[in-house]
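Listed here are the chains, written in short residue letters.
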Amino acid sequence: EHFLYSEKGFDITVANSFLQQLDQVIEAASNSKLFKQYELVGSSLLFLHCNGKAAIRWIDFANSLPSKVADGNDVLEGIRRLSMAIEELTEKYKS
């Protein structure tokens, strides 16, 4: 929750930007041939924000392994759940 705070408190603009970008990550991974051919072991989503601007980068692919099972470790489900958690926080702090 605290990674969505700025000096003014919970930053809904940043949270909404992260939500949009998470949707883009899900869409890009879903349409990616490489994503369907590799198991992403130890990869991370890096969340950055400064002065109201936000960015997400997918990093750490060094331990990815070839796989015949698309998203065998449910990475997309984890990203969807993260998105749902940010949506809940946005609703909580809207008022």
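In this report, we go over the structure that sits alongside the text. (Residues numbered from 1 in each chain as written. Predicted model: local features only at pLDDT ≥ 70, side-chain atom pairs only at ≥ 80, totals over all residues. Heavy atoms only, no water.)

1. Considering the pattern of salt bridges
So, point 1. Applying the stated criterion across every chain, the model contains 3 salt bridges.
So, point 2. In this structure, Lys-92 and Glu-1 form a salt bridge, with 3.9 Å as the shortest nitrogen-oxygen distance. One end of the pair, Lys-92, is in helix α2 (residues 75–93); the other, Glu-1, is in the segment before β1 (5–6), with 91 residues separating them in the sequence.
So, point 3. A salt bridge links Glu-77 to Arg-81; the shortest N-O distance between them is 2.9 Å. Taken together, the positions of Glu-77 and Arg-81, both in helix α2 and 4 residues apart, correspond to about one turn of that helix.
So, point 4. Assessed through its relative accessible area of 33%, Glu-77 is described here as partly exposed. (Salt bridge = Lys/Arg side-chain N within 4 Å of Asp/Glu carboxyl O. Helix = DSSP H or I, 4+ residues; strand = E, 2+ residues; numbered from the N terminus. Buried < 20%, exposed > 50% of the residue type's maximum accessible area, 1.4 Å probe, protein only.)

2. Digging into a negative patch on the surface
So, point 1. A cluster of acidic residues, Asp-23, Glu-27, Glu-87 and Glu-88, forms a negative patch on the protein surface.
So, point 2. Mapped onto the negative patch, the elements with two or more residues apiece are α1 (12–31) and α2.
So, point 3. Structurally, Glu-87 can be placed in helix α2.
So, point 4. For Glu-87, a relative accessible area of 41% gives the class partly exposed. (Patch = residues over 30% accessible without salt bridge, like charges linked within 9 Å, V, L, I, M, F, W, Y side chains within 5 Å. Areas by Shrake-Rupley, 256 points an atom, 1.4 Å probe, with all protein chains shown as cover. Lys, Arg positive; Asp, Glu negative; His and termini not counted. Charge placed at Lys NZ, Arg CZ, Asp CG, Glu CD.)

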